[in-house]
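Read off the chains here:
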Amino acid sequence: MEMKFSGEFAVSPPPAEVFDLLSDPQKFAPLLPTFSSLEMIDANTAQVKVSVGIGKIRGTATTQLTLTKKVAPSHAAYVGTGKVMGGVYSMISSYDLEPRGSGTLVKWQGEVQLVGKILSLAGGGMRGYAEQEINAVINSLRQAMSPEYQQELAARKKAQAEQKSGWFSGLMRKLHKSEGSAAAPAVDEEAANAAYTAALTAGWSGGDLTPEDITPVLTPLRSLARVNDFPDIVKRQASDKWVHAPLSRKEDSRLVRGQGLFVDDYKVDGMVHMALVRSPYAHARIVRIDTSKAESLPGVLCTLTGSEIAKVCNPFMQIGPGEAQNIRDFPLAVEKAIHQGEPVVAVVAENPRLATDAAQLVEVEYEALPVAVDWQSALEDKCVLHPGMGTNHHWHGVFEFGEVDKAFAEAAHVVKIGQMDFHRFASTPLETNAVVATWQPFGGVDFFCNNSFPAIAVQMIAPALGLSIDQIRCKTHDIGGSFGNKIGTYPYMTLAAMASKKLGGRPVKWIETRNENMLAGGHGSERVYLDTEVALDKDGLITAVRSRHIDDCGAYPRYEPLGCVIWSQVLPAVYKTRNFRIDFNQVVTNKGPAAPNRGYSRLQQLWFMERIIDICAHELNIPGDEMRLRNYIREFPYTTPNGCVYDSGNYPLMLEKAKALIDWDGWKKKQAAARAEGRWLGIGIGTTLDSGTNNFGQARIVNPYLPFSGNSEVATIKLDLDGGVVVMLGSTPSGQGHETTTAQVVADELGIRPDMIEVRTGFDTTFNSHGGHSGSYASQFAVTGLSAVHGACQKLKKELKMLAAFALEASEDDLEFGIGQQGPELRVKGTDRSINYWALSAMVNINTAGQPPELADVTLNIRHVYRPPFQIPDVEKKMGNLTLTYAAQLHIAVVEVDRQTYVPKILAYSAVDDCGNVINPKIVAGQVHGATIHGIGAALMESFIYDKEGNLLTASFTDYTPITIMNTPDLAFGEIETPSPFSYNGAKGMGEGGGAPLHTMSAAIQDALFAQNVIIRNSFNSPGDLYETVKRADRQTAVKVESRAS
Amino acid sequence: MPNAAQLVTIEVTVNGEKYRRQVEPRMLLVEFIREELDLTGTHIGCDTSYCGACTVQLNGSPVKSCTLLAVQADGGEILTVEGLEKDGQLHPLQKSFSEHHGLQCGYCTPGMLMSAHALLEQNPQADRKAIRKALAGNVCRCTGYQNILKAVEAVVNETKGGQ
């Protein structure tokens, strides 16, 4: 195609002077608007490099500029040729000079010819672009030749304003500037800005306007400028391959500036605030509610009570089987409250302080009822929490595998262990649960929230509110930690939605206080282990385990009873034991409802198995490390007795590495010396599994009628209109750096840099990038999320190749991906023929005419759903592959318990992690650190302690004492990588860490108190508890060993 | 709604800018910073001055803004996380937290940065023990504190190197 441009302008210097400038390529070329360098080939020919491009697609183009005609002092003509956007162009420009007064009139003509299929296709877009560039050349020329130019410009404002491209180029330049991309030379920018100003003021008939008058219009553009250090971070990292690079995170740009967007930071016009009145009793009938005083307080907008919402809201779906389906769980207590802190009345007011004031004016009369605050009283069923269920025994099932009785009959030793207890705690993310709900005028609701499993949340909320899923928009942005706890926010989301509905659609914000979070924001469930018996052969190999477990999930099951099966993902822990009979039970009690918590349900089973190992080792007088080496699984993939497949691992190597890191031999010597002095110094090992990527089919083991199975995660990748690569995820990261790791994966797939990829923040149902399992939980993003991203990349690459093959008239097999002079591109291998993403996107989005039918299905907007190859488990036998990957942790702790104060002090700690192939070592190490310190806090400091009336005694941070930097040891961190054969990238999901320090600390403390013959049977070991444990000295009855004479 | 007579006029300088506002006497400093000044980098984590997510500097000292009333800051000079970046240049602590992965969810980060900032102003050569002590009132649930220590130490070492 061909484009012609022409025009004239007058300048003050005489023709000879103007000719001198125009006829010398060395003087002329630098006037090109985006000139970057020049090399003279001969007297008339220059090789000129100019930067070209729009938005992120930038590069340099080389133009050969030849002076073809030179007639002094009236005529000069140039021919320029070069390559651009996968084609070639030639440009002829000529200048005729005529005297005009003492100056010169310059008449110019330009002709641009584009050769190549793509340039023809993109012609419409190219014309505007070329025109823009040519206008800029002419402006530069005039500026160079005429000092009066500025004055003239002012005089011709209006005329210029009519130039259609003027405002657009000005706008683009402003945007580029605010994005901080390579600035064009100042001269050109100034001219373009002037044209932009002129365009904005076109039609203005008032007084003179200055550019400052326009500034207010530009202010919002400036404030949209993104804070983005990521390009610099990527530049510093400088790498060919990005997966496995220890890249600092993209997310940090906003977070270190305090510019994250957490729910409480979100503000919107008309927003009002909800506060809750909560039950002070653990179990009480609601006799009377009087909201009149609250409602009469100025600034209060409405109240909601349980009986009011029960009329317009369905109870939440229950997961449990049989009578458990009759549990009626509403966002507010209806007839009675069944735990301390249960919401009873909601109050909405103009500001949060007024809402709190009004909540205090609500009068509720309660009639206290008897309570069941522990598993024993719950099982007695004297006080039944849920009349519809008729019992507190929420779930029961027997998990039996192998030949348990035979193994016990043949055992060389049988170790019988008295009751063991795993305590109640939570990860207490620093940001509490929160939501802004806005009822929509045509029905439906928008949520800006921090729920970490929104795919389930919307499936819970929609039936409760009588909406279709599509009527719910659920969006997250930055989330201040979740650790599983924030899976449980949906009752509050539903409540805020109903408040917004009552207020005709005003946005209702609810921010949980810390006290509320401790009372009702989601507890990790406690578990008790009864009648535990362990069969061992003569060498200390554990052949069978039988036991009775009771989980206490608090007042409302919500995500439960899934925890009643999830533990069986790690049934034998890391050990070879083949015979198990676990009688598993779950009860409801008058305590805060449970929610998944880092290491969810597996950490209780792992602690149980690790306790068994150490207690048996202690009883049989086998060192803890030796006991483990005898029992470790060593062959992979390994199928457990219940059909789970451990993908890979090397526990002995991890033990060796952890020992080396902590200086095992050195500490053994120090321990002997300390013991000789009567000090209580112990060394403990904990081996842990972090099973990742659930097979939701295991839900059928708790309730065969549930319709779930497998797992899914979604990623969407597209080329935007400007060729930018945009990725949307289905996950809800709360610190795990998904924006960064995703960019690393995509960069490698497309052969570009991570900072060239825009990964959108957070989850949004309108991204259409989610499935029914989307969210961040169960250690899975590296597998599910990145597999979805990887799959989407493959499809996108296929489409890009189809387009490029057509445009470049090449075979797809000859194409390669990479970064060219004009940004991300495809090129024909071994040639300089290439086409960049901008041009490829244009073929689908902007200039779409003239394409062959075989390209008709190309969208450059790819949605990929990753589904791991799971089968539905055998529900009767409770067998099947329940999880895809098994990351492992091996921790060693050296602990001294002070003989006076009973304070357990950590003297050394090593943690070795194996999560298969590592995507980002920095992020992995960070997750391991976090999980470790969380676990140490849980083992020594953090516990939800209830009195016998069901009052939570640790309902503030001051009482719960989350671990601080003062109680934190320095960790010696190491890793091994055993790639998973089941994920495309060899990675295993990680991050939960399986509660590794809980067993490690129990082991180390037991070793420390060896001389006292103490057996640690509780996962929580505060100084007070340890004092009781030592003084109780009931080990004679706690553990019994029966050995068969051989 | 509070009537005008109950409101108290206060004047504070925040990140170098002067603000004059009428506030309820019971308004917390953190509420004032977040709601009135729209500086939402300062967070609320525990309401009881245990977690330090709300830490700002008032007249040079780190304070927990959830446990001060806005009126107590009248006439004071406040520095929040938004004031750490100068002329488009991140503060070395901000850079170092990112470089050493001293943050994950980022919720505690502003408070951590402000406590660390106050420490280094008073003691640019702070050792590990001093850093721990200065950050004892800031809870992080994600990082296990390991990389936060590293990040602050790196800034101290940089300062030492520059001397």
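Treat the numbers as computed from the prediction; the structure is a model and nothing was measured.

A. Spotlight on the interface of chain A and chain B. On the side of chain B, 40 residues touch chain A, which itself brings 45 residues to the contact. Listing elements by their share of the side of chain A that touches chain B, those giving two or more residues are helix H11 (252–255), helix H29 (921–940) and helix H30 (957–960) of chain A. Broken down by element, the side of chain A that touches chain B gets its largest block of residues, 8 residues, from H29(A). Looking at the side of chain A that touches chain B residue by residue, the class counts come to 14 nonpolar, 21 polar and 10 charged.

B. Fine view of the confidence of the model for chain A. All names here are of chain A. Residues of chain A with pLDDT of at least 70 account for 87%, and the chain-wide mean is 89. When the criterion is pLDDT under 50, residues 53–58 qualifies, and its contacts beyond four places in sequence or with other chains add up to 23 contacts. This stretch, residues 157–187, has a pLDDT under 50; its non-local contacts, to residues over four places away or in other chains, come to 59 contacts.

C. Seen up close, the environment of A:Asp914. Residue and element names in this part refer to chain A. By the element assignment, Asp914 lies in strand E35 (residues 904–914). Assessed through the 26 C-beta atoms surrounding it within 10 Å, Asp914 is described here as buried. Separated by 347 residues in sequence, Asp914 and Trp567 have C-alpha atoms that sit 20 Å apart. Each residue touching Asp914, except ones within four places of it in the same chain, is listed here: Gly649, Met654, Ala887, Ala888, Glu975, Ile976, Glu977 and Thr978.

D. Molecular detail of unusual backbone geometry. All names here are of chain A. Here Glu560 and Pro561 are connected by a cis peptide whose omega angle stands at 10°. Locating Pro561 in the fold gives a position in the loop between strand E22 (542–552) and helix H20 (563–566). In this structure, Pro637 follows Phe636 across a cis peptide bond, with omega equal to -10°. Tracing the backbone through its elements, the reader meets Pro637 in the loop between helix H22 (624–631) and strand E24 (638–639). With a phi angle near 55°, Phe483 is a residue other than glycine that sits in the positive phi range. Of note, Phe483 is situated in the loop between strand E19 (472–475) and helix H18 (490–502). A positive phi angle is found at Ser779, which is not glycine, with a value near 40°. On the secondary structure map, Ser779 appears in the loop between strand E29 (757–759) and helix H27 (781–808).

E. Quick look at the domain arrangement of chain B. Residue and element names in this part refer to chain B. As assigned here, chain B comprises domain 1 (4–83) and domain 2 (85–161). The C-alpha-based centres of domain 1 and domain 2 are spaced at 22 Å. The partner domain 2 presents 13 residues to the 16 residues of domain 1 that form the contact. Every element with two or more residues in the side of domain 1 that touches domain 2 is listed here: strand E3 (55–58) and strand E4 (61–64). Residues that form the side of domain 1 that touches domain 2 fall into these classes: 7 nonpolar, 9 polar and no charged.

F. Just the sheet that holds strand E31 (residues 823–828) of chain A, in detail. Residues and elements named next belong to chain A. The antiparallel open sheet is built from 3 strands, whose spatial order is E30-E31-E32. Across the chains shown, the open sheet's two edge strands, defined by having one partner strand only, are strand E30 (815–820) and strand E32 (834–836). Across the sheet, the mean angle separating the axes of adjacent strands is 30° when strand polarity is ignored. Pairing of E30 with E31 involves 6 bridges; the strand directions are antiparallel. Bridge pairing in E31 links Gly818 to Glu825.

G. Up close: helix H2 (residues 92–99) of chain B. Residue and element names in this part refer to chain B. Most of H2 sits inside the fold, with 6 of its 8 residues counted as buried. Where H2 is concerned, the buried positions are Leu93, Gln94, Lys95, Ser96, Phe97 and Ser98. At the exit of H2 stands His101, carrying a positive phi of roughly 55°.

Criteria and thresholds
Residues numbered from 1 in each chain as written. Chains lettered and ligands numbered in written order. Predicted model: local features only at pLDDT ≥ 70, side-chain atom pairs only at ≥ 80, totals over all residues. Contact = placed C-beta atoms within 7 Å. Helix = DSSP H or I, 4+ residues; strand = E, 2+ residues; numbered from the N terminus. Nonpolar A, V, L, I, M, F, W, Y, C, P; charged D, E, K, R; others polar. pLDDT = per-residue confidence, 0-100. Buried ≥ 20, exposed ≤ 12 C-beta atoms within 10 Å, placed from the backbone. Domains from an automatic or database assignment. Pairing = 2+ DSSP bridges. Axes fitted to C-alpha atoms, helices over the stretch in contact; angles between N-to-C directions.

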